[in-house]
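Chain residues, written in single-letter form:
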Amino acid sequence: MRNRGLAFVVLVMTLIAAPFTPTFAAQDKPVELKDNYADVNGVRLHYMSAGQGQMILFLHGYPNFWYTWKDQMLDLGKDHFVVAPDMRGYNLSSKPEGVGQYKMKLLVEDVRQLAEKVNGQGKKFVLVAHDWGALVAWTFAMHYPEMLEKFIIVNGAHPFVSEREMNENPIQRYASNY
């Protein structure tokens, strides 16, 4: 009997709330993700994009690729120009040989050139990054703050903190040994 009472309360609450549930179907146009390539900094970067408006550039973490941001792109692409590249060495982007091809200065330059190529020179954008992409984004923000409107990091430490932990914390060194 108690379960029926709870079910009845849930049903009544659902019926009461139903008229107040906003519907966005008329406003929401489906966002179409577009497959693109850009030749930047001596490599070919694959990226997905959608929408129009101010650019939001997403950088993925290790070992992911652009698809990490698919849901955010589909939502934010309704009123922004969203771009998510496969960083060098990942998925459909170039995979240059040798460790030297993955130095931070090259990764940051990839981001700078891609942003200018797809967004236009001198236009500010929002940079959102996670994990490995966050380290690249922090470094980018330190070198090119004038290019950024906003800067959002998801689960990524500042490079100074990362360096300190790598030098002083053997557990972090071991955890980062990929």
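That block above? That's the structure.
Residues numbered from 1 in each chain as written. Predicted model: local features only at pLDDT ≥ 70, side-chain atom pairs only at ≥ 80, totals over all residues. Heavy atoms only, no water.

K.L.:
Explanation requested: the overall build of the protein chain in the structure shown.
P.N.:
When helices and strands are tallied, the protein chain shows six helices and six strands. Taking all 178 residues of the protein chain together, the buried fraction comes to 34%. Carbon and sulfur atoms form 57% of the exposed surface of the protein chain, whose accessible area is close to 11,200 Å². (Helix = DSSP H or I, 4+ residues; strand = E, 2+ residues; numbered from the N terminus. Buried < 20%, exposed > 50% of the residue type's maximum accessible area, 1.4 Å probe, protein only. Areas by Shrake-Rupley, 256 points an atom, 1.4 Å probe, with all protein chains shown as cover.)

K.L.:
Mind showing me how you'd approach the packing of aromatic side chains here?
P.N.:
Each aromatic ring pair is summarised here by two numbers: the centre-to-centre distance and the angle between the ring planes. One pass over the full model with this rule turns up six aromatic pairs. When the centroid spacing of 5.0 Å and the interplanar angle of 80 degrees are considered together, the rings of W138 and F151 count as edge-to-face. Of this pair, W138 sits in helix 4 (residues 132-143) while F151 sits in strand 6 (residues 148-154), and the two are 13 residues apart along the sequence. Here a set of aromatic residues connected by ring pairs shows up, and it is made of F65, W66 and Y67. (Phe/Tyr/Trp six-rings, centres within 6.5 Å; stacked < 30°, edge-to-face > 60°.)

K.L.:
Please explain empty space enclosed by the protein as it appears in this structure.
P.N.:
To locate leftover empty space, one rolls a probe as large as a water molecule over the atoms. Applying the stated rule across the entire model yields one cavity of 30 Å³ or more. Lining the largest cavity, in full, are L45, L59, P85, D86, M87, R88, L107, D110, V111 and L114. Sorting elements by how many residues they give to the lining of the largest cavity places helix 3 (residues 104-119) first, with four residues. Broken down by class, the residue content of the lining of the largest cavity amounts to seven nonpolar, no polar and three charged. (1 Å grid on protein atoms, 1.4 Å probe; cavity = no way out; pocket = protein on both sides within 12 Å on 5 of 7 lines; lining within 4 Å. Points joined across faces, edges and corners; volume = space filled by probe spheres on them. Nonpolar A, V, L, I, M, F, W, Y, C, P; charged D, E, K, R; others polar.)

K.L.:
Please explain the sheet that holds strand 2 (residues 43-50) as it appears in this structure.
P.N.:
Through backbone hydrogen bonds, the strands of a sheet pair up, either in parallel or in antiparallel fashion. Here we have six strands laid out as an open sheet, ordered 1-2-4-3-5-6, and mixed in their pairing. Whereas interior strands pair on both sides, the edge strands pair on one side only; in this sheet they are strand 1 (34-40) and strand 6. Adjacent strand axes in the sheet meet at a mean angle of 25 degrees when their direction is disregarded. Alignment of strand 5 (residues 125-130) against strand 6, held across six bridges, turns out to be parallel. When the sheet's bridge partners are listed, A129 is paired in strand 6 with I153. The strands touched by helix 3 are strand 1, strand 2, strand 3 (55-59), strand 4 (81-85) and strand 5; relative to strand 1, the strand with the most contacts, the crossing angle is about 120 degrees. Here helix 4 sits on the sheet and contacts strand 3, strand 5 and strand 6; the angle it forms with strand 5, its principal contact strand, is near 145 degrees. (Pairing = 2+ DSSP bridges. Axes fitted to C-alpha atoms, helices over the stretch in contact; angles between N-to-C directions. Contact = heavy atoms within 4.5 Å.)

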